[in-house]
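Survey of secondary and tertiary structure
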Amino acid sequence: FFGRRVGSGWSWRSMLARRLALCGGAFRPLGLMLARCLAPGSPHPPAVRAVTSVVVARAEAAGAHPVASEHELAVLQQVEDKVLWLSCLMVHNANNLRPKRDGLKVGGHQASSASLATILTVLYTSVLQPQDRVAIKPHASPIFHALMYMMGRQTLENIRNFRGFGGAQAYPSRTKDLPEVDFSTGSVGMGAAATIFASLTETYLRAHGLPPKPWPGTSEAPSRPGRMISIVGDAELDEGVCMEALLESWKLKVENSWCIVDYNRQSLDMNLHERMVRVHERLFRLAEWEVVTLKYGKRLMKAFDQPGGKQLHQWLNNVTNAEFSALIFRSGSAWREAMLRDSPSPAFAELVGRHTDEALHALMTDLGGHCAETLLEAFEFAAQTEKRTVFIAYTIKGHGLPLAGHRDNHGLFLAPQQFNKLRTKLGLTEANEWAPFSGLADPSAVRALCEAAPIHRNVPTRNHGLAERIAIPIDLGGLAAAPTSTQAAFGAVLKAIAHTDCTFADRLVSACPDVTTTTGLSAFVNKRGVFGSEESKDPFKSAKAHSLSNWSRRPSGQHIELGIAENNLAQLLSALGLSAPLFGHRLFPIGTLYDPFISRALDTLTFGAYQDSRFMLVGTPSGVTLSPEGGAHQSFNTPVMMMAMPNLRGYEPAFADEVQVVMRDGFERMQLPADEGGGSVYLRLSTRVLTQPDRELLRDCELHAHVLAGGYWHVPPDARTTTGPVETCRGTDVFLDIQHKK
């Protein structure tokens, strides 16, 4: 047993502590003592301490102070019940009550949202600090908006207009939602990667002497680095972007990143594979993440200690995902029938017999992701270290609703009769159903909890906006009269900036998916260095072996080298481009990749541009300049892709001076408000060498303006110029007001 786990990233000390803590009798204190010795602050490194929630739960049961009193847990339960109701009301109103012009289904994901009611309630009311940032699971948007409404950060008008024009968005949006959404998560899987690179961004800023600024309107700055937390559905982990980012988190030694997996074991069409949880645990451990599996809540843990509890534990571990879901939906006597059929032990039968059907259902659905006390313990335990941590929290899709557990519940929502029954059960009426604190047993305590939530306490806003404005030199330098290509000109401009002693040059950060030397970044990297959390010399330089590149790493380096994963480049650019609103410091991210492979990162690029991140993407070489390497290296459709991208302006300069001009304009646009043309920039460059025109573009104001506007006359028209029709390649006659020389 030890041999298997040691190979999976577990130390023998951790395994011994865990096994002894689970044992009975005299072994349990020994295991708890060893677990404490291996905890943070002990002589042993964090990598060898026990991190399972089981150990935490046992330690608390052995006499440690509880994380919350019975009253506090009761108040948390009231908040959870209320946000679940409000989320259901939002979806019900959008689909059944609000007028619709076309009669189409609006949707809303009641079941997928319900599985996260406990987790989000605990996080936002009790755990998160202002500097912590969260990527919400897209389908949990109704719960998120309901929580923000109760905490005074969302309006009644917006939640009543959920999924309507101008209302609360179907998926959390940085640019369209009223509350301070940290990351847009409309495309599943993106959140898991976004928070990894956001953590790296803060680490980069701090390493360069740029800790987060005080919150706007206050003098209070974060007392510790923020935790970047992604909340993802279990099926989201199938997305390749998650696995690519997971590998990069290991290579770049990312810290202060949490991933909370909503492990309800249901996707849109079916139940998850029975052994999928083991695969997920191993993948995270291989990337050296701490893995905290929260399978059972406090009531089930106590039941395991009773006579027949061992058989109960065994039965729960053996039941299939599909059968468990079906039993949740059937409820009532279905549990009793299935359990007694599978395990005829007298002690087990007695344990089951002590519960009514309703109590048995409550016991069997007491999973770790629905137990506030278990969640609080796990989060407090993990908060003692900066190590990246994944919480695999077992939940139930549709928890607390009549459609819980049903295989088809992803696209379903409560029927009017079910909805009315739930409203009556909660003591609400049509007159007060939208009120944030109506129908509660202790509304004053709930209001006090929401108002005192650490994430919003004494912080008017967590959004720094555009933050500072960095002065950019008028002439970036790097121009030469000799024939050159636009890619070479790009590299020359960056080289000139790298040798400049100014704030702007210090705020540039380049990134690349393993094509640094072939996309024009080498000179910049050689001068400014590769970013790394620790100093490391270039082995070739140390051995005095000749090489044109210097790959020494240092905390002050300004280039982040990635593996061959274009999605990771786009995610990193997106995170770096949010440095101003998230941390109060402006960075100028520049990412290069071969233009044909932009399509591999298209969804991720859209994700970054959609949330108004600010970066410069350089696709080079482009067009047919790589045609000797085959058709896969030719790009002709990327301009169309970029034209359709929100908040992004694309350029394809022809000459070196144009490269300099559009680069400077791009840096300026990264700092402008969106309504003044602010956004990201895409440059499409080439390795084709051209003779350069004899002109001074910086002094020719009219030509300068035309370059930035998108085009100019290479040969100006005169009296002999005529107009005529142009036939497109599809044969359609299109008359364009073009001009040409005879």
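Anyway, here's the lowdown on the structure attached to this text. Residue positions are given per chain, counted from 1 along the sequence in the order it is written. Since the coordinates come from a predicted model, pLDDT governs what is reported: local features require at least 70, and pairs of side-chain atoms require 80 or more to be given and counted, while whole-chain, interface and lining totals use all residues. With hydrogens and water set aside, each side-chain value is computed from the structure's full complement of heavy atoms.

**Section: helix H14 (residues 309–318)**
The rule is simple: take the accessible area with a 1.4 Å probe, protein chains only, and divide by the maximum for that residue type; under 20% is buried, over 50% is exposed, in between is partly exposed. Secondary structure elements follow DSSP: runs of H or I of four or more residues count as helices, runs of E of two or more count as strands, with numbering from the N terminus. Burial in H14 covers these residues: Gly309, Leu312, Trp315 and Leu316. Each buried residue of H14 sits inside an arc of 120° when the element is viewed along its axis, so together they form one side. Counted as exposed and oriented over 90 degrees from the buried face of H14: Lys310 and Asn318. Throughout, a residue-residue contact means that at least one pair of heavy atoms, one from each residue, lies within 4.5 Å. At its buried positions, H14 is contacted by helix H13 (298–304), helix H15 (321–330), helix H16 (334–342), helix H17 (346–353) and helix H18 (357–364). Directions drawn from the helix axis to the C-beta atoms are what define this arc.

**With respect to the pairing of strand E12 (residues 648–651)**
Sheet topology places E12 next to strand E13 (residues 680–684); four bridges connect them, and they run parallel. Counted as the bridge partner of Arg649 is Val681 from E13. Taken together, E12, helix H30 (residues 656–669) and E13 constitute a β-α-β crossover, and its handedness is right-handed. Being paired, for any two strands, means DSSP has found at least two bridges between them. Every crossover in which the path from the first strand over the helix to the second runs clockwise, viewed with the strands pointing away from the viewer, is termed right-handed.

**Some points on the side chain of Asp665**
Relative to the elements of secondary structure, Asp665 occurs in helix H30. You can call Asp665 buried: its relative accessible area is 13%.

**Quick look at the pattern of salt bridges**
We define a salt bridge as a contact between a side-chain nitrogen of Lys or Arg and a carboxyl oxygen of Asp or Glu at a distance within 4 Å. Scanning the entire structure with this criterion turns up 31 salt bridges. Ionic pairing is found between Arg206 and Glu202, a salt bridge with its closest N-O pair at 3.0 Å. Taken as a pair, Arg206 and Glu202 lie in helix H10 (residues 190–207) at a separation of four residues, close to a single helical turn. Relative accessible area serves as the criterion here: at 32%, Arg206 is assigned to the partly exposed category. Across the pair Asp657 and Arg695 runs a salt bridge whose closest N-O atoms are separated by 2.7 Å. Placement of Asp657 in helix H30 and of Arg695 in the loop between E13 and helix H31 (701–709) is noted, with a sequence separation of 38 residues between them. With a relative accessible area of 9%, Asp657 lands in the buried category. One continuous salt-bridge network, built from bridges that share partners, spans Arg133, Glu180, Asp182 and Arg462.

**Let's talk about the sheet that holds strand E2 (residues 228–233)**
Spatially, the five strands line up as an open sheet ordered E1-E2-E3-E5-E4, and their pairing is parallel. Two strands in the sheet have a free side with no partner beyond their single neighbour: strand E1 (133–135) and strand E4 (290–294). Strand-to-strand, the axes of this sheet are offset by a mean angle of 15°, without reference to chain direction. Where E1 and E2 come together, three bridges link them in parallel fashion. Counterpart to Ala135 in the pairing with E2 is Ser230. Here an axis means a line fitted to C-alpha atoms, over the contact stretch when the element is a helix, while the angle between two N-to-C directions is reported on a 0 to 180 degree scale.

**What to know about the packing of H10 against helix H26 (residues 566–576)**
For any two helices packed against each other, the geometry comes down to the angle between their axes and how far apart the axes lie. Taken N-terminus to C-terminus, the directions of H10 and H26 make an angle of 55°; their axes are 8 Å apart at the nearest point. Classified by the angle their axes make, H10 and H26 are oblique. Viewed along their axes, H10 and H26 form a crossing whose handedness is right-handed. Taking contact as the criterion, the partners of Met190, Ala193, Ala194, Phe197, Ala198, Leu200 and Thr201 in H10 are, on H26, Asn568, Gln571, Leu572, Ala575 and Leu576. Angle categories: roughly parallel below 35 degrees, roughly antiparallel above 145, roughly perpendicular from 65 to 115, and oblique for all the rest. The hand of a helix crossing depends on one turn: near helix anticlockwise from the far one by less than a right angle means left-handed, and clockwise means right-handed.

**A word on the pairing of strand E3 (residues 257–263)**
Counting buried positions along E3 yields seven of seven residues, so the element is predominantly enclosed. On E3, burial covers both faces: Ser257, Cys259, Val261 and Tyr263 on one face and Trp258, Ile260 and Asp262 on the other are all buried. Strand direction decides the pairing type here: E2 and E3, joined by six bridges, are parallel. Looking at the pairing, Ile231 lines up with Ile260 of E3. Taken together, the six bridges between E3 and strand E5 (residues 389–394) define a ladder with parallel strand orientation. Residue Tyr263 lies in a different strand from E5, and its bridge partner there is Tyr394.

**Regarding the packing of helix H5 (residues 70–97) against helix H8 (residues 141–150)**
Relative orientation of the contacting elements H5 and H8 amounts to 120°, with a least axis distance of 8 Å. With respect to the hand of their crossing, H5 and H8 are arranged in right-handed fashion. Listed contacts from H8 to Val79, Lys82, Val83, Leu84, Leu86, Ser87, Met90 and Val91 of H5 are Pro142, Ile143, His145, Ala146, Leu147, Tyr149 and Met150. Of the residues in the contact of H5 with H8, the class split is twelve nonpolar, two polar and one charged. Three classes are used, and their members are as follows: Ala, Val, Leu, Ile, Met, Phe, Trp, Tyr, Cys and Pro are nonpolar, Asp, Glu, Lys and Arg are charged, and the others, Gly among them, are polar.

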